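Observations on chain architecture
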Amino acid sequence: MAAYLGRLAAGLLTRLQTSAPTIQTLSSSNSVSQTIPSCLWKLGRLNHVAIAVPDLEKAQSFYKDVLGAQVSKPVALPEHGVYTVFVELGNTKLELLHPLGEKSPIASFLQKNKTGGMHHICIEVDDIKAAMTELKDKKIRILSEEPKIGAHGKPVIFLHPKDCHGVLVELEQA
């Protein structure tokens, strides 16, 4: 799973960044190429992988009682139509998502995926507004006009999965 997520993040990074200008410098031994980053913002660490679950208590119990992980209490996020539970891992987190209300995006996901499954990945960015501007210029669709406050109390946006190799990507202000 970690290897898969690493390849996914690498592919996503390639998709989100445009070709940067290349400078060639000549030295006495050979030619060296350096790439200059073109983004005014940068991707940070993987914050979490979100998993939609049909039974939140059962999922909490699995991660806590079977795997021995530290698991948070459920938190309702009405603006997003979900209950969230975070499972702490050494280097990142899992976010368990359960529907809150009939119009929850997780409810429609679970209608198509009865047993649940991976819903999205969340990557931190150092400047969410700059990211939004540049991603719009690159024709990457953002699912809201403005960032919303996410489960960590920070601004978040979601990128359309069709523009991100089939993966729903959440960007969160670091």
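Residues numbered from 1 in each chain as written. Predicted model: local features only at pLDDT ≥ 70, side-chain atom pairs only at ≥ 80, totals over all residues. Heavy atoms only, no water.

As for the overall build of the chain
To keep things clear, this is the line we draw: Starting at the N terminus, helices and strands are each numbered in turn, a helix being any DSSP run of H or I of at least four residues and a strand any DSSP run of E of at least two. The buried label goes to any residue with under 20% of its type's maximum accessible area, the exposed label to any with over 50%, and the partly exposed label to all in between, with areas taken from a 1.4 Å probe on protein chains only. Should any heavy atoms of two residues lie within 4.5 Å, those residues are counted as being in contact.
Tallying secondary structure elements over the chain gives four helices and eleven strands in all. The buried share of the chain, taken over its 174 residues, is 41%. Long-range contacts, defined as pairs at least 24 residues apart, comprise 53% of the intrachain contacts of the chain with a sequence gap of at least 6.

Description of the pairing of strand β10 (residues 155-159)
This is how it is decided: When DSSP finds two or more bridges between two strands, those strands count as paired.
Along β10, four of the five residues are buried, which leaves the element largely enclosed by surrounding structure. Where strand β9 (residues 148-149) meets β10, two bridges bridge the pair, whose relative direction is antiparallel. Paired with lysine 148 across the strands is valine 156, a residue of β10. With antiparallel pairing between neighbouring strands as the criterion, β9 and β10 make up a hairpin whose turn holds five residues, including glycine 153 at a positive phi of roughly 75°.

Remarks on the nonpolar core
Put simply, the rule is: What makes a nonpolar core is a set of buried Ala, Val, Leu, Ile, Met, Phe, Trp, Tyr and Cys residues whose side-chain atoms join them at distances within 4.5 Å.
Core analysis: the largest hydrophobic core is formed by 29 residues, its most contacted members being Trp41, Leu96, Leu135, Ile157, Leu159, Val169 and Leu171. Secondary structure elements with two or more residues in this core: β3 (43-52), α2 (56-66), β6 (82-88), β7 (93-99), β8 (117-125), α4 (128-137), β10 and β11 (169-173). Per element, the largest residue contribution to this core is five residues, and it comes from α4. One finds Ala50, Leu77, Leu97 and Phe109 within the second-largest nonpolar core, a separate group that totals eight residues.

Some points on α2
Spelled out, the test is: It is the directions from the helix axis to the C-beta atoms that the arc portrays. Here a polar contact means two N or O atoms within 3.5 Å. Within protein one must be a hydrogen donor candidate and the other an acceptor candidate, and residues neighboring in sequence count only if both atoms are side-chain atoms.
Every buried residue of α2 is listed here: Leu56, Ala59, Gln60 and Tyr63. Considered in projection along α2, the buried side chains sweep an arc of 100° and stay on one side of the axis. With respect to the buried face of α2, the exposed residues turned more than 90 degrees away are Glu57, Lys58, Asp65 and Val66. Buried residues belonging to α2 abut β3, β4 (70-71), β6 and β7. The backbone nitrogen of glutamate 57 has a side-chain oxygen 3.2 Å away, supplied by the residue at the start of α2, namely aspartate 55. Taken from the residues just after α2, glycine 68 is the one with a positive phi, measuring 75°.

Description of the pattern of salt bridges
The condition that has to hold: Salt-bridge detection follows one rule: a side-chain nitrogen of Lys or Arg within 4 Å of a carboxyl oxygen of Asp or Glu.
Enumeration over the complete set of coordinates arrives at four salt bridges. With a shortest N-O distance of 3.0 Å, arginine 141 and aspartate 163 are connected by a salt bridge. Of this pair, arginine 141 sits in the loop between α4 and β9 while aspartate 163 is found in the loop between β10 and β11, placing the two residues 22 residues apart along the sequence. With a relative accessible area of 7%, aspartate 163 lands in the buried category.

Function-wise, these values are silent; they only describe arrangement.
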